[in-house]
Amino acid sequence: MISIDSIQSKASKMLVAGWFAGLIYYGWRAKDTPAALPMWEYAVVAIVGMFVVSIIIGLILTALAAGVTRVATGRAEGSPHAYAWAAFAAPVLAWFTAGYVIALLG
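Quick caveat: nothing in here was measured; it's all calculated off a predicted structure. Along each chain, residue indices are assigned from 1 in the same order as the chain's sequence is written. For this predicted model, a pLDDT threshold of at least 70 governs which residues receive local features, and a threshold of 80 or more governs which side-chain atom pairs are given and counted, while totals over whole chains, interfaces and linings are taken from all residues. Neither water nor hydrogens contribute to the side-chain values; these are computed over all heavy atoms in the structure.

Caption draft 1: Molecular detail of the overall build of the protein chain. Each helix is a run of H or I in the DSSP string that is no shorter than four residues. Each strand is a run of E no shorter than two, and both are numbered from the N terminus. Helix and strand counts for the protein chain come out as three helices and zero strands. Element order for the protein chain, N to C, with α for helix and β for strand: α-α-α. Over its C-alpha atoms, taken along the principal directions, the protein chain stretches across nearly 55 × 20 × 20 Å. Looking at the protein chain residue by residue over its 106 residues, the buried ones come to 31%. Residue contacts are counted whenever heavy atoms from the two residues lie within 4.5 Å of one another. A sequence separation of at least 24 residues applies to 80% of the contacts in the protein chain between residues at least 6 apart. Accessible surface, the protein chain: about 6,800 Å² in total, of which carbon and sulfur atoms supply 74%. Two residue types count as positive, namely Lys and Arg, and two as negative, namely Asp and Glu; His and chain ends fall outside the count. Here the site of a charge means NZ on Lys, CZ on Arg, CG on Asp, or CD on Glu. Between the averaged position of the 6 positive side-chain charges in the protein chain and that of its 4 negative side-chain charges there is a distance of 7 Å. Accessibility here uses a 1.4 Å probe with only protein chains present; expressed as a share of the type maximum, an area under 20% marks a residue as buried, one over 50% as exposed, and anything in between as partly exposed. Only the protein chains shown count as cover for residues, and all accessible areas are computed by the Shrake-Rupley method using a 1.4 Å probe.

Right under this line is the structure:
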């Protein structure tokens, strides 16, 4: 069985990939609109957002997976299945978060 640490490591990499993919997609969509950001703002959003979003989404999803496991099974150590579902949701949330950030700044 895959370890929880391995799941979280892969989830963090996919979360960052989802963040950048969302920035590219929503930035490309906004490029022809008056709300498009200058390139330096995209760079700041990409670098700062990568750290901030990965920490916030990672903490929320890890706490949610641990809490659901604890309530459902009573075990404090967590379940790889719950963490795997959280790892699946992380890049999706990062994608949509990038869209909201671009919309807020634009």
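There's plenty left to go through after this.
Caption draft 2: The arrangement of the nonpolar core in detail. Working definition of a nonpolar core: buried Ala, Val, Leu, Ile, Met, Phe, Trp, Tyr and Cys residues. They are joined through side-chain atoms within 4.5 Å. Residues Leu-15, Trp-19, Leu-23, Val-53, Ile-57, Ala-94 and Ile-102 are the most contacted members of the largest nonpolar core, which totals 22 residues. It is helix 3 (residues 80–105) that contributes the most residues to this core, eight residues altogether.

Caption draft 3: Representation of the packing of helix 1 (residues 4–29) against helix 3 within the structure. At their nearest, the axes of helix 1 and helix 3 sit 7 Å apart, and the two run at 20 degrees to each other. Taken together, the axes of helix 1 and helix 3 are roughly parallel relative to one another. Seen along the crossing, helix 1 lies across helix 3 with a hand that is right-handed. Under the scheme applied here, ten amino acids are nonpolar (Ala, Val, Leu, Ile, Met, Phe, Trp, Tyr, Cys and Pro), four are charged (Asp, Glu, Lys and Arg), and all others, including Gly, are polar. Its residues assigned to classes, the contact of helix 1 with helix 3 shows 22 nonpolar, five polar and no charged. All axes here are fitted lines through C-alpha atoms, helices being fitted over the stretch that makes contact, and every angle between N-to-C directions spans 0 to 180 degrees. We call two directions roughly parallel when the angle between them is under 35 degrees, roughly antiparallel when it is over 145, roughly perpendicular when it lies between 65 and 115, and oblique otherwise. Left-handed describes a crossing whose near helix is turned anticlockwise from the far helix by less than a right angle; the clockwise case is right-handed.

Caption draft 4: Summary view of the packing of aromatic side chains. Centres within 6.5 Å make a pair out of two Phe, Tyr or Trp rings, where for Trp the six-membered ring is used; the pair is then stacked when the planes are under 30 degrees apart, edge-to-face when over 60, and tilted otherwise. Tallying each qualifying case throughout the model produces four aromatic pairs. Ring centres of Tyr-25 and Tyr-26 lie 5.0 Å apart, and the angle between their planes is 75 degrees; this geometry places the pair in the edge-to-face category. The class of Tyr-25 is partly exposed, set by a relative accessible area of 33%. For the pair Trp-85 and Phe-88, a centre-to-centre distance of 6.0 Å together with 85 degrees between the ring planes defines the contact as edge-to-face. Of this pair, Trp-85 and Phe-88 both sit in helix 3, separated by three residues, roughly a single helical turn. Residue Trp-85 is classed as exposed on the basis of its relative accessible area, which comes to 64%. Three or more aromatic residues link up through ring pairs in this structure, and these residues are Tyr-25, Tyr-26 and Trp-95.

Caption draft 5: View of helix 3. Between the first and last C-alpha of helix 3 there are 37 Å, a value that for 26 residues agrees with the 38 Å anticipated at 1.5 Å per step. A maximum bend of about 25 degrees is found in helix 3 at Ala-89, where proline Pro-91 lies one to four positions downstream. Listed in full, the buried residues belonging to helix 3 are Pro-80, Ala-82, Tyr-83, Ala-86, Ala-87, Ala-90, Pro-91, Ala-94, Ala-98, Gly-99 and Ile-102. Those residues of helix 3 that are buried are in contact with helix 1 and helix 2 (39–73). What a helix is expected to span follows from its residue count: subtract one and scale by 1.5 Å. A residue's bend is simply the angle between two axes: one fitted to the seven residues ending at it, one to the seven starting at it.

Caption draft 6: Local environment of the environment of His-81. With respect to the secondary-structure elements, His-81 resides in helix 3. When the C-alpha positions of His-81 and Thr-62 are compared, they lie 12 Å apart, and in sequence the two are 19 residues distant.

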